[in-house]
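# Structure assessment
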Protein chains: 4
Amino acid sequence: MDVVEFSPEPAEYAYTFGGVAPVRKVRPGTALRLWTDDAFGGALRTPSDLPSEKLTMPFVNPQTGPFYVEGAEPGDTLALHFADLTPARSFGASATIPLFGGLTSTDRTATLQDPLPERTWIYEVDSARGTVGFQAQSSDLRLELPMNPMLGTVGVAPAAGEARSSLVPDAFGGNMDTPEMRAGATCYLPVNVPGALFSVGDGHYRQGEGEACGTAVEGAMNVTLIVDLVKGGGPAWPRIESDTHLMVVGSSRPLEDAWRISSVQMTQWLAGLYGLDTMDAYQLLSQVSEAPLANVVDANYSSVVKVPKGLLPDRAVYDGLHAHLRGSAASL
Amino acid sequence: MDVVEFSPEPAEYAYTFGGVAPVRKVRPGTALRLWTDDAFGGALRTPSDLPSEKLTMPFVNPQTGPFYVEGAEPGDTLALHFADLTPARSFGASATIPLFGGLTSTDRTATLQDPLPERTWIYEVDSARGTVGFQAQSSDLRLELPMNPMLGTVGVAPAAGEARSSLVPDAFGGNMDTPEMRAGATCYLPVNVPGALFSVGDGHYRQGEGEACGTAVEGAMNVTLIVDLVKGGGPAWPRIESDTHLMVVGSSRPLEDAWRISSVQMTQWLAGLYGLDTMDAYQLLSQVSEAPLANVVDANYSSVVKVPKGLLPDRAVYDGLHAHLRGSAASL
Amino acid sequence: MDVVEFSPEPAEYAYTFGGVAPVRKVRPGTALRLWTDDAFGGALRTPSDLPSEKLTMPFVNPQTGPFYVEGAEPGDTLALHFADLTPARSFGASATIPLFGGLTSTDRTATLQDPLPERTWIYEVDSARGTVGFQAQSSDLRLELPMNPMLGTVGVAPAAGEARSSLVPDAFGGNMDTPEMRAGATCYLPVNVPGALFSVGDGHYRQGEGEACGTAVEGAMNVTLIVDLVKGGGPAWPRIESDTHLMVVGSSRPLEDAWRISSVQMTQWLAGLYGLDTMDAYQLLSQVSEAPLANVVDANYSSVVKVPKGLLPDRAVYDGLHAHLRGSAASL
Amino acid sequence: MDVVEFSPEPAEYAYTFGGVAPVRKVRPGTALRLWTDDAFGGALRTPSDLPSEKLTMPFVNPQTGPFYVEGAEPGDTLALHFADLTPARSFGASATIPLFGGLTSTDRTATLQDPLPERTWIYEVDSARGTVGFQAQSSDLRLELPMNPMLGTVGVAPAAGEARSSLVPDAFGGNMDTPEMRAGATCYLPVNVPGALFSVGDGHYRQGEGEACGTAVEGAMNVTLIVDLVKGGGPAWPRIESDTHLMVVGSSRPLEDAWRISSVQMTQWLAGLYGLDTMDAYQLLSQVSEAPLANVVDANYSSVVKVPKGLLPDRAVYDGLHAHLRGSAASL
């Protein structure tokens, strides 16, 4: 397998999906060993580093990429298999940012109230124990939390000539902020432009579902992924396959629309896989779905609908591509 | 322990929370062995039993209760521990109901489109295997799905003199439709009126998160629960405690407001339990929360926020009431 | 015409729609001369009267009624024609209430932020000039604003055995808070229970569309209305007819659902009046509708869709009932 | 005054805000005489021209522009005064488009229902009478409706390196679809990139508030506008000033967020103009606002908040720029 290594200089960071020239061309079947900076560009390193002082909007969520996938044409399906996600720093950072987050008014859910206080938390990484350390600021509570490395942003260039901020999740993927985007998962994205132009970033060492305060345990990440391409069949919305689940990620506002998107997409996916009519698939989904929220803080909210493979007859989704990529990853 | 048995006649069914006289008075510490009819009042027994022909609105979600809890006063906390939920029929029923459900326009999300087809599915219960059988109608796909008995409705009389349909979830509990309301869980509800006047119903043999089509595998249920009372401390919104998680259920529209409610409540709960200030609790929640949807189909949508006890220092919530009730249940 | 006068004592105030015994029985065709207290029960009389000190929740929006309309049966249409609305006090009051209003987080749109300051404004009524006086508190800006008396709450007992707080707008009417509910208008409501059990209250001497801070220029009101009844034809949602417009008021959350409700209802109303199919009516509505918001602050948000009669061929809606009641009112 | 004339060839149409090279450079104070094609690119000319057959997505809402305004820098305020809007064709077209519109499920408010029928209506323009003719398709109802020419899209290049489809309204303006964007109005927009890069399009000969079916009476338009520039003071969201009103247009989802945006912005605008503190401005807004919906169909919904100048002390907003531009327009 071809292996491409790429670690961007800050000047090479991308801050949008679309509207950016590719950093590399890769062939389907290639493995990429990438480094991605954290959402803050590494600017928050101690609790005294406050976002309003250290960050320059809109230069957050720096992307590694975009990559031009040879042969990818609009309508195709891009498959990204995450072989490994390993923290690339000894600490992660989280912060509250004025008028950003889920339990505050925002630029959209606008109120006349004062913003919440700005604060930064630093989590020490203990690689041996596989944990990150939470340290309260107003008390001496200290907790070790298991690491669960994931990528907040995985996306392609949008359709319709759009370029979207790396803070946005939508049909092109992007800033979905779901803990399901972890090592061992395969993400299927629609190809909207020649070459797909995908990028990744926004590593999280750990994140709760919903990402309540708007930021996870943000950290630079070493990412190993395998790129593949399925001709045609581009899904309307991002899909994720793991060893145990099929998933769809819908992103919109209000939150029920994000859920409706992922549920309709999953209904249609099940109908196709099992030869069900729409009503039978709708019924089946109603009894087997898991529905963990991803984020309720971004420009669109993201809702994941999951179906456990173990409840369903075995089907080789995308001709068994996930299993194939799992195998390839094991040989890296 | 006192044990009260009650199995209502249809004429004794309640269809609202509030506005109904109690069927029994019970003392805190009493165990109740109850029978609850299913959401359809048992009217759907074959696939040819269609809701529009067999149901008479608003007589759905019949409640067993309400029960008057002696000593319960506004401001108190009612604790209901579910010792056992056992299917009381050999089949469950699910159905699509015109203009009701999550992937259709409704009386609220009103459109000019035709309703989806009306259809009823019957699931045979295999008690030995602990499964219910899904049978597709448009094909011969048949699946055995594990049973996961739960109660869709658990609630008290609302505040402010209101009486609410048993289809409604809100601060008083009600039709929350969360799979977390299972045997082994303790539900904490605010007491709004003297005696609390709680009722239960809407048994589900199994339900997916979100309850996409609007109905679960609905089935009559034998319910064993223990009633207890904590003076004062009535929570603003329903809480659930299991052996592994603390949970809050928020219910509102749009769905992000349901999530905001449960997340704010959980932040405040964590702050109180661990002596954290609000911002530290907000940060902690952001990294440890699980956020499975309950329903996106009812008069309010319900969103559950869960925190795994295993990630947090041990605390005796409500003075260890859940563990105490677990013990009492074991001795029944 | 029979004329009934009624001015409730505080002990006779109703605080819910439904769940309350009628104060009077009236025959269709009767005129009622009523007095209604303001939303605060008259408790805010100077800027130093703060809601948290002077109000006892949930005892706000006291209703005058309910009235039992003889012959009214479920499925019928109750018509209430507002002949006259005259301020009954020399001042109106408005206030900001902690965690209530449109530009603040609330119990539903919950955040962790501090509430906005609590403040009360008193508006002097100048009956001769027909104005109320706004006096800024942080500066000496003083404005005379035209009075535009209206009723915030007009409603009947809900369906399905529910009782709803007088703070709630829904299909039964209630706290719709639309400036369209003014003298000269006829409101059509569905009858859900025998006698309809309607009540009115929450007089506003003036209100902006949206009712941003959650309260209008609240004032006690002398209300003259004529009750009438149309057998059958109960509308799914409240309608208002003025000399110039047909209107529907939808109330739900999110706000787009309130608008969808009123728009679907108006489409169907137009289709029926003009013999149009649904698509033609939808098209016509799209080009002629006016869509002023009513409130974005109550338990449900209310959105009004209006169609100017002047753009449409003349039709005698409800057999010309509005014109008839206008005539009757003129003779009072 | 300099006058620039520009009528684009189809190959010069822009379909995004941002991401497009300017067609002309203009100096502040220049008048532009423009021609804009309709939303359908003129492709719908008879009722048998159906969108699915005649339109190629995403090539709708073609923009005339973008124009580079000399001296415009990020943070400045672009002022566009609409001197004249005159229909440029003898007919307008409206249509229902599958899964697009306000009273249908969509790609976002996704359901499993069938789409509504696709249909096209052609409105004949009677310039002498100033009307457009509605002709029902299922009956012989024919109505003359007054013309009220307006522009659906007026926008600048977005911030943060984004490029957005001409179907999107947001902080940069864009597809706001408000009838307030008519001749005699001045629109103030934030400058996000050097030169502002504004464009206009999507002429409507008439539109109802809400734009229920998703399309107005769409028609090519001759647009005369005057460009001006205010250094600094770029508003967070688009403002409109007419002879009678100050307005803000908020665009987001859910619809209450669009209203919150425009209401918070208007509160702050009033506070600044009249030296009020936030709470006094909030109170004043609550009693004087008008809140007509713009659209509930686009990628974001748009809500207008208006304040009548006649209720407020006279203030020379932007140093009287609107009155100045009115005068300049009169001399064209």
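Note that the coordinates shown come from a computational prediction; the quantities given were computed from them, not determined experimentally. In this numbering scheme, every chain counts its residues from 1 along its sequence in written order. Labels are handed out in written order, letters beginning with A for the chains and numbers beginning with 1 for the ligands. Residues qualify for local features only when their pLDDT is at least 70, as the model is predicted, and side-chain atom pairs are given and counted only at 80 or more; totals for whole chains, interfaces and linings, by contrast, use all residues. To get the side-chain values, all heavy atoms of the structure are used, and hydrogens and water are removed first.

Before going further, it helps to spend a moment on the relation of the copies chain B and chain C. The two copies are related by a screw motion: chain B maps onto chain C through a turn of 180 degrees and a shift of 0.0 Å along the axis, at an RMSD of 0.0 Å. What the superposition gives is, in effect, a two-fold axis relating one chain to the other. Residue contacts are counted whenever heavy atoms from the two residues lie within 4.5 Å of one another. A symmetric contact is evident, with 100% of the interface residues of chain B recurring at the interface of chain C. Only residues with pLDDT of at least 70 in both copies count here: their C-alpha atoms drive the least-squares fit that superposes the copies.

Taken together, the contacts link 29 residues of chain B with 29 residues of chain C. Here chain B packs against chain C, burying approximately 2400 Å² in sum over the two surfaces, 57% of which is carbon and sulfur. For any pair of parts, buried area is found by adding up, for both, the accessible area (1.4 Å probe) each one loses once the two are put together. Summed over the three residues of chain B that lose the most area to chain C, namely Arg108, Leu112 and Glu162 of chain B, the buried surface amounts to 28% of that side. One speaks of a salt bridge when a side-chain nitrogen belonging to Lys or Arg is within 4 Å of a carboxyl oxygen belonging to Asp or Glu. If you look at where chain B meets chain C, you find four salt bridges. The closest approach of N and O atoms between arginine 164 of chain B and glutamate 162 of chain C, which form a salt bridge, is 3.1 Å. Side-chain atoms alone can form a polar contact between residues adjacent in sequence; in general such a contact is a pair of N or O atoms within 3.5 Å, and within protein one must be able to donate a hydrogen while the other accepts it. Connecting chain B to chain C are 13 residue pairs in polar contact (both at pLDDT 80 or more). Where the side of chain B that touches chain C is concerned, the elements lending two or more residues are β12 (164–165), β20 (245–252), α2 (255–274) and α3 (278–288) of chain B. The numbering of helices and of strands both runs from the N terminus, where a helix is a DSSP run of H or I of at least 4 residues and a strand a run of E of at least 2. Top element by residues in the side of chain B that touches chain C is α2 of chain B. It accounts for five residues. Three classes are used: nonpolar for Ala, Val, Leu, Ile, Met, Phe, Trp, Tyr, Cys and Pro, charged for Asp, Glu, Lys and Arg, and polar for all others, with Gly counted as polar. Considered class by class, the residues forming the side of chain B that touches chain C number eleven nonpolar, ten polar and eight charged.

With that settled, the discussion passes to the interface of chain B and chain A. Listed per partner, the contact involves 65 residues of chain B and 65 residues of chain A. Summed over both sides, the interface of chain B with chain A buries roughly 5200 Å², with 63% coming from carbon and sulfur. Summed over the three residues of chain B that lose the most area to chain A, namely Trp259, Tyr282 and Gln287 of chain B, the buried surface amounts to 14% of that side. A salt bridge links aspartate 277 of chain A to arginine 119 of chain B; the nearest nitrogen and oxygen atoms lie 2.9 Å apart. On the surface where chain B and chain A come into contact, there are 43 residue pairs in polar contact (both at pLDDT 80 or more). Elements that contribute at least two residues to the side of chain B that touches chain A include exactly β7 (91–96), β8 (119–126), β10 (142–146), α2, α3 and β22 (301–308) of chain B. Of the residues forming the side of chain B that touches chain A, the biggest block, nine residues, is contributed by α3 of chain B. For the side of chain B that touches chain A, the residue count by class is 35 nonpolar, 21 polar and nine charged.

Our next topic: the sheet that holds strand β4 (residues 31–36) of chain D. All names here are of chain D. Taking strand neighbours across the sheet as the criterion, the nine strands line up as β1-β4-β18-β6-β15-β19-β20-β22-β21 in an open arrangement whose pairing is mixed. A strand with exactly one partner marks an edge of an open sheet, and here the two such strands are β1 (3–6) and β21 (293–295). Across the sheet, the axes of successive neighbouring strands diverge by a mean angle of 25 degrees, strand direction being ignored. By the convention used here, strands pair only if DSSP detects at least 2 bridges between them. In terms of strand pairing, strand β19 (residues 239–241) meets strand β20 (residues 245–252) through three bridges, oriented antiparallel. Bridging across to β20, arginine 239 finds its partner in valine 248. Think of each axis as a best-fit line through the C-alpha atoms, taken over the contacting stretch in the case of a helix, with angles from 0 to 180 degrees between the N-to-C directions.

Moving on, we come to α2 of chain B. To estimate the expected span of a helix, count its residues, drop one, and scale the result by 1.5 Å. With 20 residues, α2 of chain B extends 29 Å from end C-alpha to end C-alpha; this agrees with the ideal 28 Å at 1.5 Å per step. At the C-terminal side of α2 of chain B, glycine 275 of chain B shows a positive phi close to 65 degrees.

Time to look at the relation of the copies chain B and chain A. Superposing chain B onto chain A takes a rotation of 180 degrees plus a shift of 0.0 Å along the axis, which leaves an RMSD of 0.0 Å. Here 100% of the interface residues in chain B have copies in chain A that are interface residues too; the copies meet face to matching face.

Stacked, tilted and edge-to-face pairs are distinguished by plane angle, under 30 degrees for stacked and over 60 for edge-to-face with tilted covering the rest, among Phe, Tyr and Trp rings (Trp via its six-membered ring) whose centres lie within 6.5 Å. Counting across every chain of the model gives 28 aromatic pairs over all chains. Residues phenylalanine 17 of chain C and phenylalanine 172 of chain C carry aromatic rings whose centres are separated by 5.4 Å and whose planes lie at 45 degrees to one another, so their mutual orientation is tilted. Note that phenylalanine 17 of chain C is positioned in strand β2 (residues 16–17) and phenylalanine 172 of chain C in the loop between β13 (169–170) and β14 (173–174), a separation of 155 residues in sequence. Aromatic pair tyrosine 15 of chain D and phenylalanine 59 of chain D: ring centres 5.1 Å apart, planes at 80 degrees, arrangement edge-to-face. Note that tyrosine 15 of chain D is positioned in the loop between β1 and β2 (16–17) and phenylalanine 59 of chain D in the loop between α1 (51–54) and β5 (63–69), a separation of 44 residues in sequence. Under the scheme applied here, a residue whose accessible area is under 20% of the maximum for its type counts as buried, over 50% as exposed, and between as partly exposed, the area being computed with a 1.4 Å probe on protein chains only. Classification of tyrosine 15 of chain D as partly exposed rests on a relative accessible area of 21%. By relative accessible area, phenylalanine 59 of chain D is classed as partly exposed at 45%. In textbook terms, an aromatic cluster arises when at least three aromatic residues are bridged by ring pairs, as seen for Phe6, Phe67 and Phe198 of chain A. Over a ring means this: the NZ of a Lys or the CZ of an Arg is within 6 Å of the ring centre and within 35 degrees of the ring normal. Over the ring of tyrosine 68 of chain A we find lysine 25 of chain A, and its NZ or CZ is 4.4 Å from the ring centre.

A grouping of Met1, Val3 and Leu332 of chain A is seen on the molecular surface, where their side chains present a nonpolar patch of about 250 Å² in accessible area. With respect to the helices and strands, the residue leucine 332 of chain A is situated in the segment after α4 (321–330). For patch building, the residue pool is restricted to those with more than 30% relative accessible area and no salt bridge; the joining distance is 9 Å between like charges and 5 Å between nonpolar side chains (Val, Leu, Ile, Met, Phe, Trp, Tyr). Every accessible area reported is derived by Shrake-Rupley at a probe size of 1.4 Å, with residue values counting cover from the shown protein chains alone.

What follows concerns the pattern of salt bridges. The tally for this structure, following the rule as stated, stands at 71 salt bridges over all chains. Between aspartate 280 of chain D and arginine 119 of chain C there is a salt bridge; the shortest N-O distance is 3.2 Å. Within this pair, whereas aspartate 280 of chain D is found in helix α3 (residues 278–288), its partner arginine 119 of chain C is found in strand β8 (residues 119–126), the two belonging to separate chains. For the pair aspartate 280 of chain D and arginine 119 of chain C, a shared accessibility class is recorded, and that class is buried. Among the ionic pairs, lysine 306 of chain D bridges to glutamate 180 of chain D, the shortest N-O distance being 3.0 Å. Taken as a pair, lysine 306 of chain D in strand β22 (residues 301–308) and glutamate 180 of chain D in the loop between β14 (173–174) and β15 (186–190) lie far apart in primary sequence, 126 residues in all. Comparing lysine 306 of chain D with glutamate 180 of chain D shows no difference in burial state: the two are buried.

This part is about the environment of phenylalanine 172 of chain B. Residues and elements named next belong to chain B. For phenylalanine 172, a relative accessible area of 4% gives the class buried. Expressed as a C-alpha distance, the spacing of phenylalanine 172 and phenylalanine 198, which sit 26 residues apart in the sequence, is 9.4 Å. Those residues in contact with phenylalanine 172, other than ones at most four positions away along the chain, are Phe17, Val154, Gly155, Val156, Ala157, Pro158, Arg164, Leu189 and Asn192.

Our next topic: the nonpolar core. Residues belong to one nonpolar core when they are buried, are Ala, Val, Leu, Ile, Met, Phe, Trp, Tyr or Cys, and are joined through side-chain atoms within 4.5 Å. Phe82, Phe198 and Leu225 of chain C together with Phe82, Phe198 and Leu225 of chain D are the most contacted members of the largest nonpolar core, which has 185 residues in total. The contact partners of phenylalanine 82 of chain C, leaving out residues within four places of it in the chain, are Leu151, Val154, Met181, Arg182, Ala183, Gly184, Ala185, Cys187, Val200, Val223, Thr224 and Leu225 of chain C. Ranked by size, the runner-up nonpolar core spans 184 residues in total, among them Phe67, Phe198 and Leu276 of chain A together with Leu225 of chain B.

Before going further, it helps to examine the sheet that holds strand β22 (residues 301–308) of chain A. All names here are of chain A. Taken together, the nine strands give an open sheet; going across it, the order is β1-β4-β18-β6-β15-β19-β20-β22-β21, and neighbouring strands pair in mixed fashion. At either end of the open sheet lies a strand with only one pairing partner, and these are β1 (3–6) and β21 (293–295). Here the average twist between neighbouring strands, direction ignored, is 25 degrees. Sheet analysis places strand β15 (residues 186–190) next to strand β19 (residues 239–241), joined by three bridges and oriented antiparallel. Following the sheet pairing, threonine 186 is matched in β19 by glutamate 241.

A word on the packing of helix α2 (residues 255–274) of chain D against α3 of chain D. All names here are of chain D. Orientation of α2 relative to α3, taken along the N-to-C sense of each, is 115 degrees, at an axis distance of 8 Å. Where α2 crosses over α3, the handedness of that crossing is right-handed. Counted together, Ser263, Met266, Thr267, Leu270 and Ala271 of α2 and Thr278, Ala281, Tyr282 and Leu285 of α3 form the full contact between these two elements. Among the residues forming the contact of α2 with α3, the class breakdown is six nonpolar, three polar and no charged. When the near helix sits turned anticlockwise from the far one by under a right angle, the crossing is termed left-handed; a clockwise turn instead gives a right-handed crossing.

We now examine the pairing of strand β4 (residues 31–36) of chain C. Residues and elements named next belong to chain C. Taken together, the four bridges between strand β1 (residues 3–6) and β4 define a ladder with parallel strand orientation. When the sheet's bridge partners are listed, phenylalanine 6 is paired in β4 with leucine 34. Looking at chain direction, β4 and strand β18 (residues 221–230) are connected through six bridges and run antiparallel. Looking at the pairing, arginine 33 lines up with threonine 224 of β18.

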